[in-house]
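Chain by chain, the residues:
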Amino acid sequence: MRAILTTIGQDKVGIIAGVSQYLAEHAVNILDVSQTIMEGNFTMMMLVDLPQETDFQSLTAKLNELGTKLGVEINIRNEEIYRAMHQL
């Protein structure tokens, strides 16, 4: 399954590394990434490919924990949600 992962928070060292390392450890492939700093706020959007056996709810909870640890907000949503919104 493909998903969109967003990360937002005050810019500081280690955000990209922390998120990328976690994803690699859980066999989540990063397909595309865009990041920028907006007035001191770090913003990143990733298109990721999740292993078929991924428990999406568990992954969401663990990414929320990671976000707390890194001091950012991390959200992940199934790409199908965005695709369906644009077809309406």
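Because the structure is a prediction, the values reported are computed rather than measured.

Rules and cut-offs
- Residues numbered from 1 in each chain as written.
- Predicted model: local features only at pLDDT ≥ 70, side-chain atom pairs only at ≥ 80, totals over all residues.
- Heavy atoms only, no water.
- Pairing = 2+ DSSP bridges.
- Helix = DSSP H or I, 4+ residues; strand = E, 2+ residues; numbered from the N terminus.
- Axes fitted to C-alpha atoms, helices over the stretch in contact; angles between N-to-C directions.
- Contact = heavy atoms within 4.5 Å.
- Expected span 1.5 Å × (residues − 1).
- Buried < 20%, exposed > 50% of the residue type's maximum accessible area, 1.4 Å probe, protein only.
- Arc of directions from axis to C-beta.
- Polar contact = N/O pair within 3.5 Å; in protein donor to acceptor, adjacent residues only side chain to side chain.

Colleague: Got a sec to walk through the sheet that holds strand β2 (residues 29–38)? Specific residues and values, please.
Modeller: Ordered by their spatial adjacency, four strands build an open sheet running β2-β3-β1-β4, and the pairing between neighbours is antiparallel. With partners counted over all chains shown, the strands left at the sheet margins are β2 and β4 (72–78), one partner each. Taking each pair of neighbouring strands and ignoring which way they run, the sheet shows an average axis angle of 15°. Bridging between strand β1 (residues 2–10) and β4 involves seven bridges; their strand directions are antiparallel. Bridging across to β4, G9 finds its partner in V72. Seen against the sheet, helix α1 (residues 15–25) touches β1, β2, β3 (41–49) and β4 and runs at an angle of roughly 20° to β3. Sheet contacts for helix α2 (residues 56–70): β1 and β4; angle to β4, the most-contacted strand, approximately 160°.

Colleague: How would you summarise the side chain of T6 if you had to cite specific residues and measurements?
Modeller: With respect to the helices and strands, the residue T6 is situated in strand β1. Not counting chain neighbours up to four residues away, the residues in contact with T6 comprise M44, M45, E73, I74 and N75.

Colleague: Residues and numbers for the pairing of β1, please.
Modeller: Alignment of β1 against β3, held across nine bridges, turns out to be antiparallel. Residue pairing in the sheet places R2 in a bridge with D49 of β3.

Colleague: Could you give an account of α2, naming the residues involved and the relevant values?
Modeller: Taking 1.5 Å as the rise per residue, α2 with 15 residues should run 21 Å; its terminal C-alpha atoms sit 21 Å apart, in good agreement. For α2, the full list of buried residues reads L59, L63, L66, G67 and L70. Along the axis of α2, the buried residues cluster in a sector spanning 100°; they form a single face. What points out from α2, more than 90 degrees from its buried face, is the exposed set Q57, E65, T68 and K69. In the core, the buried residues of α2 are packed alongside β1, α1 and β4. The N-capping residue of α2, defined by a side-chain oxygen 3.2 Å from the backbone nitrogen of Q57, is D55.

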